[in-house]
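The primary structure of each chain is shown beneath.
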Amino acid sequence: METGYAREMGGRAEQQDAVTVLQNADGQSALLLVADGMGGHEGGARASHAAIATAERLWTRYAGQAADARALLHALFHETHAALLEAGGTDPSQRPGTTLVALYVTPNSACWAHCGDSRLYHFEGDTLQRRTRDHTRVQQLVDEGVISEAQMATHPEQNRLLRGLGVVDPIEVDYAEAPVTRHTRFLLCSDGFWEQIGPIEIAELLDSPDLDSATASAAVEATRRGGPKGDNVALAAWRSGPPRRRFWRRHLKARIGPTLGLLALLAAALAILLWPLD
C-alpha cells in the first residue's frame, strides 16, 4: 500500500484542519483520517486535533490491527465526541466541534465512517465508485434536485452543517465498507479541498508516480484556487499499489497526440513550400 497526506493554511488566520495516516509495522493495515474544526465554534483547531489524539490512542490500543474495523471506527467517533462534550461544558455555544472522516484499510477490505462534510472518495482504477454523502443543507438540496452537484461548493448555505462531533448530541455516524483490489484507491479531504478540486483531478492525483508529492502539490493548488479568503485544506490518499504504467501511458498519449498532429502540419507545410512549380 502507498499513502500520502498534506494540509495547507489557505486564507484563514488559523489552521483548523487536521490529518494523519497511521500504519502498522508490517504495512498491512492503515488508519487515515481528516478532521475539520468548525470555524464558527470556539476551539475548532483543538477539536480537530482531539480526533487525531483519539485515533493515536486507539491505534496503540488495537496494536495497529483491528479484528473489527467498524468497532474501531465507532470508538474513534464516539470517544472523540465524548472528549469534546467534556471540554465544552454545559454551554453548547462554547463547545469545540469538528467534522471527521476516517478509513481503516487492509490489503483485502476497507471500512470508513464520516460525520459532517469532510469526504471520502472511492475509486476503482479511474472510475469513481462512490463518495460519502455530506451532512449539510446543500447536500439535501442536491438530493432534492434543487441544485446540481457542481453548485454545492459555491452555494450560500454550503457551510450549514447538520451533523458534527462535539456540538450535536447524540451524534449520527455513517458507515460503509468495500473489498480492496489492486485497483482500489481512496482520498479523504476537508471541504476546503473538494470545493476546489473535482473527481477527475482527484483520479489524476491518485495515479501519480509519487503519491506523497502529489498530495502536497494538490493541497497547494487547492489553496491557490481558494485565493486570499480560501478555507483550510487537508487531504489523505491511499492506494493498493503504484499504477505507474497506466500513469505514464496516459500522459505520454496525451503528449504524443498533439505532437504528432503538429508534425503532420509541419510536413504538410513543407510539402506545399517544396512542391515543384510548372
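Computed from a prediction, not measured in an experiment: that's the story for all the values here.

Scoring rules and cut-offs
- Residues numbered from 1 in each chain as written.
- Predicted model: local features only at pLDDT ≥ 70, side-chain atom pairs only at ≥ 80, totals over all residues.
- Heavy atoms only, no water.
- Helix = DSSP H or I, 4+ residues; strand = E, 2+ residues; numbered from the N terminus.
- Buried < 20%, exposed > 50% of the residue type's maximum accessible area, 1.4 Å probe, protein only.
- Contact = heavy atoms within 4.5 Å.
- Areas by Shrake-Rupley, 256 points an atom, 1.4 Å probe, with all protein chains shown as cover.
- Pairing = 2+ DSSP bridges.
- Axes fitted to C-alpha atoms, helices over the stretch in contact; angles between N-to-C directions.
- Phe/Tyr/Trp six-rings, centres within 6.5 Å; stacked < 30°, edge-to-face > 60°.
- Lys NZ or Arg CZ within 6 Å of the ring centre and 35° of its normal.
- Parallel < 35°, antiparallel > 145°, perpendicular 65-115°, else oblique.
- Nonpolar A, V, L, I, M, F, W, Y, C, P; charged D, E, K, R; others polar.
- Expected span 1.5 Å × (residues − 1).
- Salt bridge = Lys/Arg side-chain N within 4 Å of Asp/Glu carboxyl O.
- Core = buried A, V, L, I, M, F, W, Y, C linked by side-chain atoms within 4.5 Å.
- Left-handed = near helix turned anticlockwise from the far one by under 90°.

Undergrad: Describe in detail the overall build of the chain, supporting the description with residues and values.
TA: Along its length, the chain carries seven helices and 10 strands. Every one of the 278 residues in the chain was classed for burial, and the buried ones make up 47%. By sequence separation, contacts in the chain at least 24 residues apart represent 70% of the contacts at least 6 residues apart. Approximately 13,600 Å² of the chain is accessible, and the part contributed by carbon and sulfur atoms is 56%.

Undergrad: Could you give me a rundown of the sheet that holds strand 10 (residues 233-239), with the residues and numbers involved?
TA: In spatial order, the strands read 1-10-9-6-7; together these five strands make up an open sheet with antiparallel pairing. Looking at which strands have only one partner, the edges of the open sheet turn out to be strand 1 (2-8) and strand 7 (127-131). When strand polarity is set aside, the average angle formed by the axes of neighbouring strands in this sheet is 15 degrees. In this sheet, strand 10 lies alongside strand 1 in antiparallel orientation, the contact comprising seven bridges. Across the sheet, the residue bridging to Gly4 is Ala237, located in strand 10.

Undergrad: Before we move on, could you go through the packing of aromatic side chains and cite the residues and values that matter?
TA: Inspection of the entire model under this criterion finds three aromatic pairs. Aromatic pair Phe186 and Trp238: ring centres 6.0 Å apart, planes at 50 degrees, arrangement tilted. Here the residue Phe186 occupies a position in strand 9 (residues 184-189), and Trp238 occupies one in strand 10, the gap between them amounting to 52 residues. Assigned by exposure class, Phe186 and Trp238 land together as buried. Site record: aromatic cluster; members linked through ring pairs are Trp112, Phe186 and Trp238. The ring of Tyr175 is capped by Arg70, whose NZ or CZ atom sits 4.2 Å from the centre of that ring. Against the face of Trp194 rests Arg119, its NZ or CZ located 3.5 Å from the ring centre.

Undergrad: Just give me the short version of the environment of His155, but keep the residues and values in it.
TA: Looking at where His155 falls in the secondary structure, it is placed in the loop between helix 3 (137-143) and strand 8 (174-179). When the C-alpha atoms of His155 and Arg137 are compared, they prove to be 10.0 Å apart, with 18 residues separating the residues in sequence. With residues up to four places along the chain from it excluded, the contact list for His155 reads Val138, Leu141 and Ile147.

Undergrad: Quick one: what's the story with the packing of helix 5 (residues 199-206) against helix 6 (residues 211-226), residue by residue and with numbers?
TA: Contact geometry of helix 5 with helix 6 gives a least axis separation of 9 Å together with a crossing angle of 150 degrees. Here helix 5 lies roughly antiparallel to helix 6, going by the angle between them. Only Leu211, Ala214, Thr215, Ala218 and Arg225 of helix 6 make contact with helix 5, whose side of the interface consists of Glu201, Leu205 and Leu206. Counted by class, the contact of helix 5 with helix 6 contains five nonpolar, one polar and two charged residues.

Undergrad: Can you tell me about helix 1 (residues 44-61), naming the residues and giving the values?
TA: Its 18 residues place the ends of helix 1 26 Å apart at the C-alpha level, agreeing with the 26 Å of an ideal helix rising 1.5 Å per residue. When we look at burial in helix 1, the residues that qualify are Gly44, Ala45, Ala47, Ser48, Ala50, Ala51, Ile52, Thr54, Ala55, Leu58 and Trp59. Summarising the contacts, the buried residues of helix 1 are in contact with strand 2 (17-23), strand 3 (30-37), helix 2 (69-88) and strand 4 (98-105). Phi turns positive one or two residues past the end of helix 1, at Ala63, with a value near 55 degrees.

Undergrad: Give me the lowdown on the pattern of salt bridges, citing residues and values where you can.
TA: All chains considered together, the criterion is met by 18 salt bridges. As a salt-bridge pair, Arg163 and Asp174 come within 3.1 Å of each other at their nearest N and O atoms. With Arg163 in the loop between helix 3 and strand 8 and Asp174 in strand 8, the pair connects residues that are 11 residues apart, well separated along the chain. Among the salt bridges present, the one from Arg225 reaches Glu201, with a minimum N-O distance of 2.6 Å.

Undergrad: Explain the nonpolar core to me, and be specific about the residues and the numbers.
TA: Counting 29 residues, the largest nonpolar core has Leu31, Leu33, Leu76, Phe77 and Leu100 as its most contacted members. When residues of this core are traced back to their parent elements, those giving at least two are strand 2, strand 3, helix 1, helix 2, strand 4 and strand 5 (109-115). Not counting residues within four places of it along the chain, the set of residues in contact with Leu33 comprises Ala18, Val19, Thr20, Ala51, Ile52, Ala55, Leu100, Val101, Ala102 and Leu188.

Undergrad: An account of the packing of helix 1 against helix 2 is requested, with residue identities and associated values reported.
TA: Contact pair helix 1 / helix 2: the axes reach a minimum separation of 9 Å and the direction vectors enclose 135 degrees. Here helix 1 is positioned oblique relative to helix 2, judged by the angle of their axes. Remark: the crossing between helix 1 and helix 2 carries right-handed chirality. Within the contact between the two elements, helix 1 uses Arg46, Ala47, Ala50, Ala51, Thr54, Ala55, Arg57, Leu58, Trp59 and Arg61 and helix 2 uses Leu72, Ala75, Leu76, Glu79, Thr80, Leu84 and Ala87.

So far we have only geometry, and geometry alone does not tell us how the molecule works.
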